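Observations on the three-dimensional arrangement
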Amino acid sequence: MKFIPESSSRRVPCYRVLDEDGRIIPDNDFVPVKEKLAVRMYEQMATLQVMDHIFYEAQRQGRISFYLTSVGEEAINIASAAALSPDDIVLPQYREPGVLLWRGFTLEEFANQCFGNKADYGKGRQMPIHYGSNRLNYFTISSPIATQLPQAAGVGYSLKMEKKNACAVTFIGDGGTSEGDFHAGLNFAAVMEAPVVFICRNNGWAISTHISEQFRSDGIVVKGQAYGIRSIRVDGNDALAVYSAVRSAREMAVTEQRPVLIEAMTYRVGHHSTSDDSTKYRAADEIQYWKMSRNPVNRFRKWVEDNGWWSEEDESKLRSNARKQLLQAIQAAEKWEKQPLTELFNDVYDVKPKNLEEQELGLKELVEKQPQEYPPGFHV
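Residues numbered from 1 in each chain as written. Predicted model: local features only at pLDDT ≥ 70, side-chain atom pairs only at ≥ 80, totals over all residues. Heavy atoms only, no water.

As recorded by an unreviewed UniProt entry, the chain carries the name 3-methyl-2-oxobutanoate dehydrogenase (2-methylpropanoyl-transferring) and is attributed to Capsella rubella. Check the Catalytic activity (unreviewed entry) section of the UniProt entry for the chain; it says "N(6)-[(R)-lipoyl]-L-lysyl-[protein] + 3-methyl-2-oxobutanoate + H(+) = N(6)-[(R)-S(8)-2-methylpropanoyldihydrolipoyl]-L-lysyl-[protein] + CO2". Quoted verbatim from the Subcellular location (unreviewed entry) field of the UniProt record, the comment on the chain reads "Mitochondrion matrix". (UniProt positions renumbered as here; feature names shortened; annotations may be inferred.)

Right, here's the structure in full:
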């Protein structure tokens, strides 16, 4: 009689390509990245940084109601997006705007969503940062945690049935693995042999809950094996490692018709959201260490610069232009009218039921009676 031990005596290794100084680790295998792709990846990582900074400040100024940054996780966003095909269907969590940015979502489209104006594809019904794009195969973000994982299993199975040369790709944070949908999603994908790439951003914190209070296993990567899913742990702050891992995982998912799990080790440098103050539950010097010494953008920049593909002049020009374009996008988004009140009641029923008509009428009367209680630009 022999019981399987609760954990292995050795941790699963973490795949890396670049060291902390942006140099290739000797005797390493990785998917080559040429100059054009590398420069575009860096440009998008830097643009994401600028976007996060300006939208965060806009929220602090009271111009938008909510925001959530990807600071410290730019490599996971951009490198994973670069490794995918435009036909792959992405089911995000909420910290992957870089994937949408890479696919061609404009700064104006980001701003329109955050301001919930008439140009917002979600018609102003969602909180800011809940982006989505049918055109770019990017499912609209949903606030409930992990619901996208069993949905991804279904999307992957659909692609398989239709014999598409594509896979589903879904993202989750470490905290989301405590949800039942994480386990249901992985098990469904494994049993149905669906082409799904599950990417878990293990950034150490689920809002204020540390990973030590989330699980006793060796991270997330071992959970894949429990469901019969091929898995890898990768340094999420290493853009080349993320690119290689996701590119390889996608190839396996599509050609072998199987799910793959990637655990990307990283750190959430920013607060969970604008509703959070992370200095209440973690040390400021810990945040500063990851912000400065383990910065994924700086690390990738060193490698691009060492190859002679980037200069200080390029850097200054890029960040200046990105900032200018973003400020223009925000100013334009603010000038758009808001969605009319009637949009609250549309797009659910083919024929609006009587109780909904009564609610709509009651709300209109309330707005007309107390217009001073509603923001400028708000109209029935």
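This is not the end of the story, as more comes after the structure.
Once that is clear, we can look at the domain arrangement of the chain. Domain parsing of the chain yields domain 1 (35–335) and domain 2 (341–373). Relative placement of domain 1 and domain 2: their C-alpha centres are 36 Å apart. (Domains from an automatic or database assignment.)

Once that is clear, we can look at the side chain of Asn 117. Along the chain, Asn 117 turns up in the loop between α4 (107–115) and α5 (148–161). Under the relative-accessibility criterion, Asn 117 is labelled buried at 0%. A polar contact is formed between the side chain of Asn 117 and the backbone nitrogen of Ala 119, at a distance of 2.9 Å. Polar contacts involving the side chain of Asn 117 include one to the main-chain carbonyl oxygen of Ala 333, which spans 3.1 Å. The contacts of Asn 117, once residues within four sequence positions are left out, are Asn 112, Ala 333, Trp 336, Glu 337, Lys 338 and Gln 339. (Helix = DSSP H or I, 4+ residues; strand = E, 2+ residues; numbered from the N terminus. Buried < 20%, exposed > 50% of the residue type's maximum accessible area, 1.4 Å probe, protein only. Polar contact = N/O pair within 3.5 Å; in protein donor to acceptor, adjacent residues only side chain to side chain. Contact = heavy atoms within 4.5 Å.)

Within the UniProt annotation, "domain: Dehydrogenase E1 component" (unreviewed entry) is assigned to residues 43–339. Between the first and last C-alpha atoms of residues 43–339 the distance is 33 Å; the span itself is 46% helix and 11% strand.

Here the focus is the pairing of strand β3 (residues 196–202). The side chains of a regular strand alternate between both faces of the sheet. Of all seven residues that make up β3, seven are buried, and the element is covered over most of its length. In this structure, strand β2 (residues 168–173) lies alongside β3, joined through six bridges in parallel fashion. Across the sheet, residue Val 169 finds its bridge partner in β3, namely Val 197. Handedness of the β-α-β unit built from β2, helix α6 (residues 180–191) and β3 comes out right-handed. Strand direction decides the pairing type here: β3 and strand β7 (residues 260–265), joined by six bridges, are parallel. Bridge assignment links Phe 198 to a residue of β7, and that residue is Leu 261. (Pairing = 2+ DSSP bridges. Right-handed = clockwise from strand over helix to strand, strands pointing away.)

So, about the sheet that holds β7. Spatially, five strands are ordered β1-β2-β3-β7-β6 in an open sheet, and the strand pairing comes out parallel. Both edges of this open sheet fall to β1 (89–91) and β6 (230–235), since each of them pairs with a single strand only. If you compare each strand with its neighbour and ignore which way they point, the axes differ by 20° on average. The pairing of β6 with β7 spans six bridges and is classified as parallel. Each bridged residue has a counterpart across the sheet, and for Asp 235 the counterpart in β7 is Met 265. (Axes fitted to C-alpha atoms, helices over the stretch in contact; angles between N-to-C directions.)

What follows concerns empty space enclosed by the protein. Enumeration over the complete set of coordinates arrives at one cavity of 30 Å³ or more. Its boundaries defined by the atoms lining it, the largest cavity holds a volume of some 40 Å³. Forming the walls of the largest cavity are Ile 76, Ser 80, Ile 199, Val 234, Val 242, Ala 245, Val 246, Ile 262 and Ala 264. When contributions to the lining of the largest cavity are tallied by element, the ones reaching two or more residues are α2 (74–83), α8 (239–256) and β7. Among the elements that take part in the lining of the largest cavity, α8 stands out by supplying three residues, more than any other. (1 Å grid on protein atoms, 1.4 Å probe; cavity = no way out; pocket = protein on both sides within 12 Å on 5 of 7 lines; lining within 4 Å. Points joined across faces, edges and corners; volume = space filled by probe spheres on them.)

Looking now at the pattern of salt bridges. What the rule picks out here adds up to 31 salt bridges. The closest approach of N and O atoms between Asp 218 and Arg 11, which form a salt bridge, is 2.9 Å. Separated by 207 residues along the polypeptide, Asp 218 in the loop between β5 (209–210) and α7 (221–226) and Arg 11 in the segment before α1 (35–60) bring together distant segments of the chain. Relative accessible area serves as the criterion here: at 58%, Arg 11 is assigned to the exposed category. With a closest N to O distance of 3.3 Å, Arg 230 and Glu 256 form a salt bridge. With a gap of 26 residues between them, Arg 230 in strand β6 and Glu 256 in helix α8 connect regions that are remote in the sequence. Residues joined in a network through salt bridges with shared partners are Arg 16, Glu 20, Asp 235, Asp 238, Arg 294 and Arg 299. (Salt bridge = Lys/Arg side-chain N within 4 Å of Asp/Glu carboxyl O.)

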